[in-house]
Number of protein chains: 2
Amino acid sequence: MPNLFLIPTSLGESDFNRILPSQNTETVSVLRYFIVEDVRTARRFLKKANPAIDIDSLTFFILNQHTSPEELSDFLKPMFNGNDMGVISEAGCPAIADPGADVVAIAQKNNFIVVPLVGPSSILLSLMASGFNGQNFAFVGYLPIQPDERSKAIKKLESRVYSENQTQIFIETPYRNMKMLEEILKVCQPSTRLCIAADITLDTEYIKTKTMKEWKTQLPDLNKRPSIFLIYK
Amino acid sequence: MPNLFLIPTSLGESDFNRILPSQNTETVSVLRYFIVEDVRTARRFLKKANPAIDIDSLTFFILNQHTSPEELSDFLKPMFNGNDMGVISEAGCPAIADPGADVVAIAQKNNFIVVPLVGPSSILLSLMASGFNGQNFAFVGYLPIQPDERSKAIKKLESRVYSENQTQIFIETPYRNMKMLEEILKVCQPSTRLCIAADITLDTEYIKTKTMKEWKTQLPDLNKRPSIFLIYK
């Protein structure tokens, strides 16, 4: 039975030795068929993983929000012919906070072997470093953009921290980070803790936990830096 | 400012090249002070990471459920003296589904730099390979043991799958896996999907997604195999 390898990439410019097991490179080097979000970044990743790779001999299928379910099934044709394939995410781990999950679901349905490779996840790394509850946590992705709905969503997450003892994790588009941060500080109780993690695995990595009250005295500059927010009591 | 490195370990007997970035080994090799759950397994891990390591020159502090908050603070004394330290989990990533989070919280409170290293997490790897929603998911740890409470807990998780479009992830003590599996199949709707992941990153790795109805016709043997359960619509 052919394998579908889920191949994590870096979260920005960082040395692969820092973030990927060496065996990932070997796995990647023998695959001929890839499902990717963006061909250019996927090529760059493969070239960096294995400078000797013959990029022109590889076949890429492009998976994004516009890909239809029918196209998705077609992507797996090489597997029906007995070939292994790889899914490469734009950043971090495929199928976590990105469109890869649909293609994995089809592979599972067809009884292919799905093999997740180890790599960096901003969700997991920030949770580890937050000091928050790692025995009960939720990642909820993006919050609503509309101000009223957003502040309601933050309140709901904070109440779940207290009612279920569950760490709540969410993200924002980098250029809106500062607005998000202000909103969190406005909505949450002063004693609730917020962990802000930015540029994870990069040289400028920043992961700090403080109470809302403490954060209010000094805000980090998160503008355009990939960031993730965690709240806990 | 000294660093507290969070050092993932393997999820069983597996080649480090498969699951850990090579730089983890370098980081580990220069540390002298460690907070660990079990000294014996920590020593074995360090020796495997770096066969040339001088184990007797290292200091270990033991962190488990019996460690008091006062002891915990004491553990970080080497950092107050300017030394970097490492936290090593029993399996997988420190502070995720294990007691490491408390020591991280103290490090954060004292403004130490907390550096999470990349490594295998059964939660994240199983979620990647499940084909389930990776943009909204919750890990809730262990469910109650008492049968009534447990079946209520499973029902609540399933209803959250539908009401919030959120993948629900939980674990069980390996010798109770088969009982848990039977209970899940009894309680959930036939069309709800269950992903069972066992022996993640090991040669016997098994990750399969089916509907409850499909699972009922054939159960995998999970007895004493470290497993994780995921449900989604």
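What follows concerns the overall build of chain A. Assigned secondary structure in chain A consists of ten helices and ten strands. For chain A, the C-alpha radius of gyration of 20 Å lies close to 17 Å, the compact-globule estimate for 233 residues. When the backbone C-alpha atoms are referred to their principal axes, chain A occupies close to 60 × 35 × 30 Å. Within chain A, buried positions represent 45% of all 233 residues.

Quick look at the domain arrangement of chain A now. All names here are of chain A. Here the domain parsing of chain A yields domain 1 (3-116) and domain 2 (122-232). On the domain 2 side, the residues contacting the ten residues of domain 1 number eight residues. Of the residues in the side of domain 1 that touches domain 2, the class split is four nonpolar, four polar and two charged.

In this complex, chain A contributes 42 residues to the contact, which on the side of chain B involves 43 residues. Looking at the side of chain A that touches chain B, the elements that each hand over two or more residues are α1 (16-19), α2 (22-30), α6 (101-109), β5 (113-116), α7 (122-130), β6 (137-142) and β9 (206-211) of chain A. Of the pairings in the sheet, the one linking β6 of chain A to strand β6 (residues 137-142) of chain B comprises three bridges and is antiparallel in character. Counted as the bridge partner of Phe137 of chain A is Phe139 of chain B from β6 of chain B.

Residues and elements named next belong to chain A. Interhelical geometry of helix α8 (residues 147-164) versus helix α9 (residues 177-187) gives an angle of 55° and a closest axis separation of 10 Å. Between α8 and α9, the angle falls in the class oblique. As for the relative orientation of α8 and α9, their crossing is right-handed in sense. Residues Arg150, Ser151, Ile154 and Lys155 of α8 form the contact with α9, whose participating residues are Glu183, Ile184 and Val187. Here the residues of the contact of α8 with α9 sort into three nonpolar, one polar and three charged.

Here the focus is the sheet that holds strand β10 (residues 227-232) of chain A. The sheet built from ten strands is open, its strands ordered β9(A)-β8(A)-β10(A)-β7(A)-β6(A)-β6(B)-β7(B)-β10(B)-β8(B)-β9(B) with mixed pairing. Two strands in the sheet have a free side with no partner beyond their single neighbour: β9 of chain A together with β9 (206-211) of chain B. Shown here is a sheet whose adjacent strand axes are inclined to one another by a mean of 15°, direction ignored. By the bridge criterion, four bridges tie β6 of chain B to strand β7 (residues 167-171) of chain B in an arrangement that is parallel. If you follow Phe139 of chain B over to β7 of chain B, its bridge partner there is Ile169 of chain B.

Taken in spatial order, the five strands line up as β3-β2-β4-β1-β5 (chain B) in an open sheet, and their pairing is parallel. The sheet is open, and its two edges are formed by β3 (59-62) and β5 (113-116) of chain B, each paired on a single side. Ignoring strand direction, the axes of neighbouring strands in this sheet form an average angle of 25°. Inspection of the sheet shows strand β2 (residues 33-36) of chain B paired to strand β4 (residues 85-88) of chain B by three bridges, in the parallel sense. Considered in β4 of chain B, the bridge of Phe34 of chain B is made with Gly86 of chain B. The strands that α7 of chain A touches are β1 (3-7) and β5 of chain B; relative to β5 of chain B, the one it contacts most, it runs at about 145°.

What counts as what
Residues numbered from 1 in each chain as written. Chains lettered and ligands numbered in written order. Predicted model: local features only at pLDDT ≥ 70, side-chain atom pairs only at ≥ 80, totals over all residues. Helix = DSSP H or I, 4+ residues; strand = E, 2+ residues; numbered from the N terminus. Rg over C-alpha atoms; globule rule 2.2 N^0.38 Å. Buried ≥ 20, exposed ≤ 12 C-beta atoms within 10 Å, placed from the backbone. Domains from an automatic or database assignment. Contact = placed C-beta atoms within 7 Å. Nonpolar A, V, L, I, M, F, W, Y, C, P; charged D, E, K, R; others polar. Pairing = 2+ DSSP bridges. Axes fitted to C-alpha atoms, helices over the stretch in contact; angles between N-to-C directions. Parallel < 35°, antiparallel > 145°, perpendicular 65-115°, else oblique. Left-handed = near helix turned anticlockwise from the far one by under 90°.

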